[in-house]
Amino acid sequence: MGETHRGTPQNIATYNVQRFRTRSKHTIAPDERIIPYLNIAGFGPISRIAESSIDHKFVLALLERWRPETHTFHLPTGECTITLEDVHMLLGLPVDGKAINGCVMQANSLCQEAIGIDLIEGAVGARGQGVNLKRLKEHYKKFRLDDESTQETILQKTRCYVLLLIGNVLFPDSTGNTVNFMYLRLLMDFSRVGLYSWGSAVLATLYQSLCKNAVAESCTFYGCALSYGDRISSASMSLERRMQKSGRQSAA
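Residues numbered from 1 in each chain as written. Predicted model: local features only at pLDDT ≥ 70, side-chain atom pairs only at ≥ 80, totals over all residues. Heavy atoms only, no water.

A. Local environment of the pattern of salt bridges. The final tally for this structure, using the stated rule, is 3 salt bridges. The partner of Asp31 in a salt bridge is Lys157, with the nearest N and O atoms 3.2 Å apart. With a gap of 126 residues between them, Asp31 in the loop between β1 (21–22) and α2 (35–41) and Lys157 in helix α8 (residues 151–170) connect regions that are remote in the sequence. The partner of Asp147 in a salt bridge is Arg33, and the shortest N-O contact between them spans 3.2 Å. In this pair, Asp147 is assigned in the loop between α7 (133–142) and α8 and Arg33 in the loop between β1 and α2, connecting sequence segments 114 residues apart. (Salt bridge = Lys/Arg side-chain N within 4 Å of Asp/Glu carboxyl O. Helix = DSSP H or I, 4+ residues; strand = E, 2+ residues; numbered from the N terminus.)

B. Spatial organisation of unusual backbone geometry. Its identity as a non-glycine residue notwithstanding, His71 has a phi of 55°, on the positive side. Topologically, His71 is positioned in the loop between β2 (66–67) and β3 (72–75).

C. Summary view of the sheet that holds strand β5 (residues 120–121). With antiparallel pairing, the 3 strands of this open sheet are ordered in space as β5-β6-β7. Strand pairing shows two members of the sheet lacking a second neighbour, β5 and β7 (178–180), which therefore form its edges. Both strand β6 (residues 130–132) and β7 contribute to a ladder of 3 bridges, which runs antiparallel. Residue pairing for β7: Gly130 is matched across the bridge by Asn180. Packed onto the sheet, α7 meets β6 and β7 and runs at close to 55° relative to β6. (Pairing = 2+ DSSP bridges. Contact = heavy atoms within 4.5 Å. Axes fitted to C-alpha atoms, helices over the stretch in contact; angles between N-to-C directions.)

D. Just the side chain of Arg6, in detail. Along the chain, Arg6 falls in the segment before α1 (9–14). Buried and unpaired, Arg6 has no salt bridge, with Glu64 as the nearest side chain of opposite charge at 6.1 Å. At 3.3 Å, the side chain of Arg6 and the backbone oxygen of Val215 are in polar contact. When neighbours within four sequence positions are excluded, Arg6 is seen to be in contact with Asn11, Ile12, Tyr15, Leu60, Leu63, Glu64, Asn213, Ala214, Val215, Ala216, Ser218 and Cys219. (Buried < 20%, exposed > 50% of the residue type's maximum accessible area, 1.4 Å probe, protein only. Lys, Arg positive; Asp, Glu negative; His and termini not counted. Polar contact = N/O pair within 3.5 Å; in protein donor to acceptor, adjacent residues only side chain to side chain.)

E. Quick peek at the environment of His74. With respect to the secondary-structure elements, His74 resides in strand β3. On the accessibility criterion, His74 (29% relative accessible area) is partly exposed. Spatially, the C-alpha atom of His74 lies 8.9 Å from that of Glu64, the residues being 10 residues apart in sequence. Once you skip the residues sitting within four places of it in the chain, His74 turns out to touch Arg65, Arg67 and Glu79. At 3.5 Å, the side chain of His74 forms a polar contact with the side chain of Glu79.

F. Quick look at the side chain of His139. Locating His139 in the fold gives a position in helix α7. One polar contact links the side chain of His139 to the main-chain carbonyl oxygen of Ile115, over a distance of 3.0 Å. Among all residues touching His139, those that are not within four sequence positions of it are Ile115, Ile117, Leu119 and Cys160.

G. Broad picture of the packing of aromatic side chains. Applying the stated criterion across every chain yields a total of 6 aromatic pairs. When the centroid spacing of 5.5 Å and the interplanar angle of 65° are considered together, the rings of Trp66 and Tyr207 count as edge-to-face. Remark: Tyr207 occurs in helix α10 (residues 198–213) and Trp66 occurs in strand β2; sequence separation between them is 141 residues. Of the aromatic side chains, those joined through ring pairs into one cluster are Phe43, Tyr196 and Trp198. Just above the ring of Tyr15 sits the side chain of Arg6; from NZ or CZ to the centre is 4.8 Å. One Lys or Arg, Lys157, reaches over the ring of Tyr140 and ends 4.7 Å from the middle of that ring. (Phe/Tyr/Trp six-rings, centres within 6.5 Å; stacked < 30°, edge-to-face > 60°. Lys NZ or Arg CZ within 6 Å of the ring centre and 35° of its normal.)

H. Examining the packing of helix α5 (residues 84–91) against α10 more closely. At a minimum axis separation of 9 Å, α5 and α10 run at an interaxial angle of 115°. As for the relative orientation of α5 and α10, their crossing is right-handed in sense. Note on element contacts: α10 touches α5 through Gly199, Ser200, Val202 and Leu203, opposite Leu84, Val87 and Leu91. Along the lines of polarity and charge, the residues of the contact of α5 with α10 split into 5 nonpolar, 2 polar and no charged. (Left-handed = near helix turned anticlockwise from the far one by under 90°. Nonpolar A, V, L, I, M, F, W, Y, C, P; charged D, E, K, R; others polar.)

I. Summary view of the confidence of the model for the chain. Counting all residues, the mean pLDDT for the chain is 83, and 87% of those residues have values of 70 or more. Looking across the chain, the model is least confident in helix α11 (residues 229–251), with a mean pLDDT of 51, and most confident in α8, with 94. (pLDDT = per-residue confidence, 0-100.)

J. Spotlight on the nonpolar core. Grouped together as the largest cluster of nonpolar side chains are 71 residues, with contacts concentrated most on Phe43, Ile115, Leu136, Leu163, Leu170, Tyr183 and Trp198. Ranked by residue count, the leading element in this core is α8, at 11 residues. Setting aside anything within four residues of it in sequence, one finds Trp198 in contact with Phe43, Leu93, Pro94, Ile100, Ile166, Phe171, Tyr183, Leu186, Leu187 and Val193. (Core = buried A, V, L, I, M, F, W, Y, C linked by side-chain atoms within 4.5 Å.)

Set out below in structure tokens:
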């Protein structure tokens, strides 16, 4: 562990906690009418826990224990990490299938078609276009469904909600203000959304953010915090029980 690592005694003692930001945050509950479509797409399980609060100080404490060279947390009770199986078990996301990728430059008309309103920030066809999360959340709340709503209208609200999940929970960007336009294209055909390996992308983004924020100067964590808090807590308790059991056996 080098001198620039966040976990050195010197860096822990001098770091200003007020500078640290966690872009992953909870989101709102889904409309009951869109839940069947969320289940089809593989986002049903995470929609049930996406309202959970995130302990920012706990995230910071775990970053001090992260070692980029081994991709493991060094805890007092031993080493542990987050695997693809953990992501699937905790979040219920698909971990098999196609990679999450695509063109980041799309026509703004795609947003109008997908969610019923153009919320794109940035010039038409420009790299880095994004859907404004604040305006997206306001649009979702005003988007009313009833017994007369068509399937396409329900799908539009479902896409709104999944974009909120992606931008707030799964793949928040470093600003926390927008969600990449690329994801919208992947949500157009809901019969195929579940064929993508969303869990793999979550894990890759999480590892990237953990490694970047293991450096003391970094102050913005953008990985999915829901995917590892409970995992590390349970692993730590399991390792502690194992050590206690081993100690009792040695004493006997």
